[in-house]
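Structural features, examined
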Amino acid sequence: MKKLLLIGLFGLFSLNAYAQEETTYNGEKYGYIVDKSGKKIEGVVHLNGSYSSPWQNQSKVKFAAVADIDKVKNKIKFKTYDADDIKEYMLYDGDTPRVFESIKYTNKREALNSSDNATGLGAGIKALNNLSRNSQFAEIVMDGKIKVYKMYGYPTSAAAYNSEENERLRTSPDYVYSKKGGKVEDFTPAKVKIAIADCPSTKSKASKGEYGSLKKEEKQRSGLGKFIRDEIKNATVDKLSIVNEVIYDYNENCK
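Residues numbered from 1 in each chain as written. Predicted model: local features only at pLDDT ≥ 70, side-chain atom pairs only at ≥ 80, totals over all residues. Heavy atoms only, no water.

This paragraph deals with the pairing of strand β10 (residues 135-142). Within β10, seven of the eight residues are buried, which leaves the element mostly enclosed by the surrounding structure. Alignment of strand β9 (residues 96-104) against β10, held across five bridges, turns out to be antiparallel. Opposite Ser 102, over in β10, you have Phe 137 as the bridge partner. Where β10 lies against strand β11 (residues 146-151), three bridges are found, and the strand directions are antiparallel. Its bridge partner lying in β11, Ile 140 is registered against Tyr 149. Between the antiparallel neighbours β10 and β11 lie three residues, among them Gly 144 with a positive phi of about 150°. (Buried < 20%, exposed > 50% of the residue type's maximum accessible area, 1.4 Å probe, protein only. Helix = DSSP H or I, 4+ residues; strand = E, 2+ residues; numbered from the N terminus. Pairing = 2+ DSSP bridges.)

With that out of the way, let us pick up the nonpolar core. One broad trend across soluble globular proteins is that nonpolar side chains are buried collectively. In terms of nonpolar packing, the biggest core is built from 19 residues, with Ile 146, Val 148, Phe 187, Val 192 and Ile 196 touching the most fellow members. Here this core gets five residues from one element, more than from any other, and that element is helix α8 (residues 239-253). Beyond its immediate sequence surroundings of up to four residues, Ile 196 is in contact with Ile 146, Thr 202, Lys 203, Ala 206, Tyr 211, Val 246 and Tyr 250. Listed in part, the 13 residues of the second largest apolar core include Leu 47, Val 61, Ala 65 and Tyr 81. (Core = buried A, V, L, I, M, F, W, Y, C linked by side-chain atoms within 4.5 Å. Contact = heavy atoms within 4.5 Å.)

Interpretation note: all reported values are geometric properties and have no functional meaning in isolation.
Set out below in structure tokens:
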């Protein structure tokens, strides 16, 4: 019995060590999906997008459970899922887990931004590509009471031939957030101030201008002019700095 126990412990140790050292199989990354019932299924994940087209990771993902990996024949049987099929998926990027969660969000800002990057039919296609997508996978960049997601706008169907548009979309992701499991909202300095106002310490810091990333704003008149000014301002705000400073502070120090 003692011998069998030692063999079992050695086998368990070896398996854990292997799992920690190996994050890919046959070039595919290990990870999991969470199905609609909340069940986590482990296997390998194949991203739908690439370095030059990260927005494609928001629409679909390919996954193969452990049972669908034939290591003898060196074959993987993938199945494709969209954001209505599963709750989330995760894959390892080196030792770092990247988690994509299915959310309800329509990128109206990027749809409106079409006029700056395309005209005529191209602008219409780009706007439709963004407005027609409601359920999407969004990568989590900060988890907690306020959860923040990174989102990319969708280009026109001819994006492969428009390197300038591709580069802007690839290097300029937007951020959205959800507070305590609520509705996913656009990420703006004004909304962030409202979201953290239920915590005395973060509310006080924001009102006193103690957050370097969240500048104190002057009151402006309402109407179309304010809307346009806000959109221009939101496009130039360093949202990631707000996430790393303000949202992090709220998640760590507020109940």
